Amino acid sequence: MKKAFKGFLYETYKKNIHICGNDRNQLAVMAQKARTAIGSETLEVFADGGYFSGKEIVTCDSDGITPNVPKPLTSTSKAQDRYGKQDFSYLAGEGEYLCSAGQRLTNRFSTVENEMKLHAYTSSACGSCERKAQCTTGKERRIKCWEHEEILEFMQSKLEKNPDAMVLHKKTVEPPFGTIKHWMGSTHFLMRTLEHVSTEMSLHV
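Analysis parameters
Residues numbered from 1 in each chain as written. Predicted model: local features only at pLDDT ≥ 70, side-chain atom pairs only at ≥ 80, totals over all residues. Heavy atoms only, no water. Axes fitted to C-alpha atoms, helices over the stretch in contact; angles between N-to-C directions. Helix = DSSP H or I, 4+ residues; strand = E, 2+ residues; numbered from the N terminus. Parallel < 35°, antiparallel > 145°, perpendicular 65-115°, else oblique. Contact = heavy atoms within 4.5 Å. Salt bridge = Lys/Arg side-chain N within 4 Å of Asp/Glu carboxyl O. Buried < 20%, exposed > 50% of the residue type's maximum accessible area, 1.4 Å probe, protein only. Expected span 1.5 Å × (residues − 1). Nonpolar A, V, L, I, M, F, W, Y, C, P; charged D, E, K, R; others polar. Pairing = 2+ DSSP bridges.

**Focus on the packing of helix H3 (residues 54–62) against helix H6 (residues 149–161)**
Point 1. H6 packs onto H3 with a crossing angle of 85 degrees between their chain directions and a minimal axis gap of 10 Å. Taken together, the axes of H3 and H6 lie roughly perpendicular to each other. Contacts between H3 and H6 involve Gly 54, Ile 57, Val 58 and Asp 61 on the former and, on the latter, Ile 151, Leu 152 and Met 155.

Structural data, given as structure tokens:
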């Protein structure tokens, strides 16, 4: 009886949870499940930076789901005290980037990386720019922009205009996880294998 009950919990867990090793590919599928659960045609979702994925955000947008996910700062340029991509302004109407020195970076070529079409923007003025050392160690600064970058930019601008949104998210979403971890104690899971650990986690939730 006990084994059968655990098996039922595990099968229920598999049907309702998209099993994956990280959060990055979870946004769209979990948002779709949430929308189905509440019986709504539209939905606005909030998630922390661990869920940021361009493909997932575009999938949500095309599916009538409004995503709100802050973009994590992973730029190596910023870490090395140089200008990052966020220091360049995108001129949507002209399809160019504007740097802090007032120079324009134009679309020179396109490439495909990780099944994503990227546009590369550069400027011929980099060689004579007095700020070059603060910008790039190469011959010229290159900005790569995904073909759906405007969707990501629009989402980020919305979050910047409403900073309290993510504060509310942390207040309402993070505490339950902290409570569950407290209940579980320092040993966390007591069982092994995905099936048994999933059952244990289901009981906690």
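**A word on the pattern of salt bridges**
Point 1. By the definition in use, this model includes seven salt bridges.
Point 2. The partner of Lys 55 in a salt bridge is Glu 115, with the nearest N and O atoms 3.9 Å apart. Linking Lys 55 in helix H3 with Glu 115 in the loop between strand S5 (104–113) and strand S6 (116–122), this pair joins segments that are 60 residues apart in sequence.
Point 3. According to the relative accessible area criterion, Glu 115 is exposed, its value standing at 73%.
Point 4. Note that Lys 144 is salt-bridged to Glu 113, the shortest N-O span being 2.5 Å. Of this pair, Lys 144 sits in strand S7 (residues 143–146) while Glu 113 is found in strand S5, placing the two residues 31 residues apart along the sequence.
Point 5. On the basis of relative accessible area, Lys 144 is assigned to the partly exposed category, the value being 34%.
Point 6. Put simply, Glu 94, Glu 96 and Arg 104 are held in one network by salt bridges that share partners.

**Regarding helix H2 (residues 27–38)**
Point 1. Across its twelve residues, H2 extends 17 Å between first and last C-alpha, which sits within 8% of the 16 Å expected from 1.5 Å per residue.
Point 2. Those residues of H2 not exposed but buried are Leu 27, Ala 28, Val 29, Ala 31 and Arg 35.
Point 3. Summarising the contacts, the buried residues of H2 are in contact with strand S1 (43–46), H3 and strand S2 (65–68).
Point 4. Looking one or two places after H2, you find Gly 39, whose phi comes out positive at around 65 degrees.

**Brief notes about the packing of H2 against H3**
Point 1. One way to put it is that H2 packs onto H3 with a least axis distance of 8 Å and a crossing angle of 30 degrees. Looking at the two axes, H2 sits roughly parallel to H3. Contacts from Leu 27, Ala 28, Val 29, Ala 31 and Gln 32 in H2 reach Glu 56, Ile 57, Thr 59 and Cys 60 in H3.
Point 2. Of the residues assigned to the contact of H2 with H3, the class counts are six nonpolar, two polar and one charged.

**A short note on the pairing of S6**
Point 1. The buried fraction of S6 amounts to six of the seven residues, a majority that puts the element mostly inside the structure.
Point 2. Bridge analysis of S5 against S6 gives seven bridges, and the strand direction is antiparallel. Counted as the bridge partner of Thr 111 is Leu 118 from S6.

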